[in-house]
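Take a look at the letters that make up each chain.
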Amino acid sequence: KGPPEAVDESYGDNDDLLDEAEVNGNWTPQEKALHEARLKAKARRRLRRTSSRDSTRESLSETGGDAGVDPTSPKGRVSTNDRKSRMGKGRGLPKKGGAGGKGVWGAAGMVYEMEEPDAKDPNYDESSQGDTVYATVVPELDEQELEKTVCPIVQEYFEHGDTREVQMLLEGLNLGHNKYEVSSLAVSLSLEGKASHRELTSRLLSDLVGKVLTEAEMGRAFDKMLKDLPDLILDTPEAPQMLGQFIARAIADHALPMDFLSCYKGKVDCDHARAALDRAAVLLSMKTKMVRLDNVWGVGGGQRPVKHLIKEMNLLLKEYLVSGEVSEAERCLGHLEVPHFHHELVYEAVVMVLESNSESAIHMMVKLLKAFWESGLITLDQMNRGFQRVYDELPEINLDVPHAHSIMESFVDVCYQEAVITKQLRDACPSRGRKRFVSEGDGGVIKH
């Protein structure tokens, strides 16, 4: 393309030719439309060129440029790389103070702060960042997750009785602000269990204080249980008395502060909570004081004297022969918590049958032993040991019970028919040998 003046001159020549054609009368409709379009285009070009020159002149005057420079000259033209507005708007200054645009480092005088290295940066070097420390993040357990996690731990503790293992498992959990719930869950589970479970729970609470729990958290747990007594009493009617014993034992073991009970004086409205606190106060005010509280839950089955256990089993069997309630006998045997000593019950039951010498006693004892066998309270080994002890002592029993052999044989046959004992155990029953009379003068005395 040539300069704008040359273009305008060419268009001017064409206009002169069109004027001649119009004068000569050779104007056609197509030529007339073309002429009008050219005139409009020419006017737009002139308007655009005039506005561009005016904006350039204003920018030069503001920046202190030479006023005498011709805007149409190459020296006065605006550079295409200049970051100034060429739309004729604004003051003609650079955009964003020279800090905007692609590949720009920022405004003059800008100081950048030290940025943290980004691991996603292609130039990121892990070794240059110093020692890397990896830590395991354990999420905090909410109330529901805490119950699902702690309950199996406590129930397993009732089986092995190792407080260190429980402590180790709890230290691996992020209990958070619900840590005190561990004590309340353990006590609630023991209320539904046996006396030995409550003894284990008291030991657990004593061992956890100072390691996993504080005295304040333990007090918060017992305060929560005192408020929940109306709900606990629905499943365990003796809950107020048991909770009172737990409080007294915890104070004696220094798991609770000594002034725990004094904080509730005159502030308790619930009758059940008041009964629990009164029970704890009575236990702590006894003459023997703290020493007796070590056995507040009784002695465990494995720690009881053998004579005491034998006495309890004899009493159990005698009550059964009077009442005939198998379920009550099962409950009493389970509360003794001596599964390794159940052979003594079998032994005492067989001896009691031999001494009673009645058909009703035989059938009732067979019924009881069958119930114990079917429920799993008495195992095969315990059953065999009990009968074998009677077999071994049968000659001595025969001194007090002359017909012990015959009664024993009939009793063993009925037990075998009811699937209480095995065939081997039945065949092992000693039978009285064939006896003969020396002469009629012996008076029927059997010779040994």
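Report on the accompanying structure. Not measured: the values here are computed from a predicted model.

1. Focus on the overall build of the chain
Working step 1: Along the backbone of the chain there are 17 helices and zero strands.
Working step 2: A burial count over the chain gives 32% of its 448 residues as buried.
Working step 3: Once local pairs closer than 6 in sequence are excluded, the contacts in the chain between residues at least 24 apart make up 65%.
Working step 4: Only carbon and sulfur atoms are counted for the fraction: they give 51% of the accessible area of the chain, which is about 29,200 Å².

2. Focus on the packing of aromatic side chains
Working step 1: For the coordinates displayed, the defined rule picks out four aromatic pairs.
Working step 2: On the basis of an interplanar angle of 15° and a centroid distance of 6.2 Å, the ring pair of F387 and F411 is categorised as stacked. Here the residue F387 occupies a position in helix 15 (residues 380-400), and F411 occupies one in helix 16 (residues 404-417), the gap between them amounting to 24 residues. F411 shares its class with F387; the two are buried.
Working step 3: Among the aromatic side chains, those forming a connected cluster through ring pairs are F387, Y391 and F411.

3. Observations regarding helix 15
Working step 1: Compared with the 30 Å implied by 1.5 Å per residue over 21 residues, the 29 Å span of helix 15 between its first and last C-alpha is a close match.
Working step 2: Helix geometry: helix 15 is bent most strongly at L394, by close to 65°, with proline P395 lying one to four residues after it.
Working step 3: Within the span of helix 15, buried status applies to Q382, M383, G386, F387, V390, Y391, L394, I397 and N398.
Working step 4: The inward-facing, buried residues of helix 15 contact helix 13 (342-356), helix 14 (359-375), helix 16 and helix 17 (423-427).

4. Describing the pattern of salt bridges
Working step 1: What the rule picks out here adds up to 12 salt bridges.
Working step 2: E199 serves as the salt-bridge partner of R249, at 3.0 Å between the closest nitrogen and oxygen. A residue pair is termed long-range when its members are at least 10 positions apart, and R249 in helix 9 (residues 239-252) and E199 in helix 6 (residues 195-208) qualify at 50 residues. Each member of the pair, R249 as well as E199, carries the same accessibility label: buried.
Working step 3: The exposure class of R249 is buried, given its relative accessible area of 6%.
Working step 4: Salt bridges sharing common partners tie together E199, R203, R249 and D253.

5. Quick notes on the nonpolar core
Working step 1: Counting residues in each nonpolar core, the largest one holds 50 residues, and the members touching the most others are F222, L226, L243 and I247.
Working step 2: Counting residues per element, this core draws most heavily on helix 9, at eight residues.
Working step 3: For L226, the residues in contact, after removing those within four places along its chain, are L243, I247, Y264, A273, A276 and L277.
Working step 4: Membership of the second largest hydrophobic core comes to 46 residues, among which are L309, I397, M408 and I421.

6. Digging into helix 7 (residues 215-227)
Residues that lie three or four places apart on an α-helix share one face, since the helix turns once every 3.6 residues.
Working step 1: Counted at 1.5 Å a residue, the expected span for helix 7 with its 13 residues is 18 Å, and the 19 Å between its end C-alpha atoms agrees.
Working step 2: Among the residues of helix 7, M218, G219, A221, F222, M225 and L226 are the ones counted as buried. Taken around the axis of helix 7, the buried residues stretch over an arc of 155°, which confines them to a single face. Away from the buried face of helix 7 by more than 90 degrees, exposed residues A216 and K227 are located.
Working step 3: On the buried face of helix 7, the contacting elements are helix 5 (181-191), helix 6, helix 8 (229-235), helix 9 and helix 10 (271-284).

7. Quick look at a negative patch on the surface
Working step 1: Negative charge collects at one region of the surface, where E140, D142, E143, E145 and E147 lie side by side.
Working step 2: Its place among the elements puts E140 in the loop between helix 2 (29-62) and helix 3 (143-160).
Working step 3: Taking the relative accessible area as the measure of exposure, E140 reaches 42% and is therefore partly exposed.

8. Notes on the environment of S285
Working step 1: Of note, S285 is situated in the loop between helix 10 and helix 11 (306-323).
Working step 2: For S285, a relative accessible area of 57% puts it in the exposed group.
Working step 3: For the pair S285 and A248, spaced 37 residues apart in sequence, the C-alpha separation works out to 9.9 Å.
Working step 4: At 3.0 Å, the side chain of S285 forms a polar contact with the backbone oxygen of A281.

9. Remarks on the packing of helix 11 against helix 12 (residues 326-336)
When two helices pack together, you describe them by how their axes are tilted relative to each other and by the distance separating the axes.
Working step 1: At a minimum axis separation of 10 Å, helix 11 and helix 12 run at an interaxial angle of 170°. It follows from the interaxial angle that helix 11 and helix 12 lie roughly antiparallel. Packed against helix 11, whose contacting residues are E312, M313, L316 and Y320, the element helix 12 presents V326, A329, C332, L333 and L336 at the interface.
Working step 2: Residue classes in the contact of helix 11 with helix 12 are distributed as eight nonpolar, no polar and one charged.

Thresholds, definitions, all that
Residues numbered from 1 in each chain as written. Predicted model: local features only at pLDDT ≥ 70, side-chain atom pairs only at ≥ 80, totals over all residues. Heavy atoms only, no water. Helix = DSSP H or I, 4+ residues; strand = E, 2+ residues; numbered from the N terminus. Buried < 20%, exposed > 50% of the residue type's maximum accessible area, 1.4 Å probe, protein only. Contact = heavy atoms within 4.5 Å. Areas by Shrake-Rupley, 256 points an atom, 1.4 Å probe, with all protein chains shown as cover. Phe/Tyr/Trp six-rings, centres within 6.5 Å; stacked < 30°, edge-to-face > 60°. Expected span 1.5 Å × (residues − 1). Bend = angle between axes of the 7 residues up to and from the residue. Salt bridge = Lys/Arg side-chain N within 4 Å of Asp/Glu carboxyl O. Core = buried A, V, L, I, M, F, W, Y, C linked by side-chain atoms within 4.5 Å. Arc of directions from axis to C-beta. Patch = residues over 30% accessible without salt bridge, like charges linked within 9 Å, V, L, I, M, F, W, Y side chains within 5 Å. Lys, Arg positive; Asp, Glu negative; His and termini not counted. Charge placed at Lys NZ, Arg CZ, Asp CG, Glu CD. Polar contact = N/O pair within 3.5 Å; in protein donor to acceptor, adjacent residues only side chain to side chain. Axes fitted to C-alpha atoms, helices over the stretch in contact; angles between N-to-C directions. Parallel < 35°, antiparallel > 145°, perpendicular 65-115°, else oblique. Nonpolar A, V, L, I, M, F, W, Y, C, P; charged D, E, K, R; others polar.

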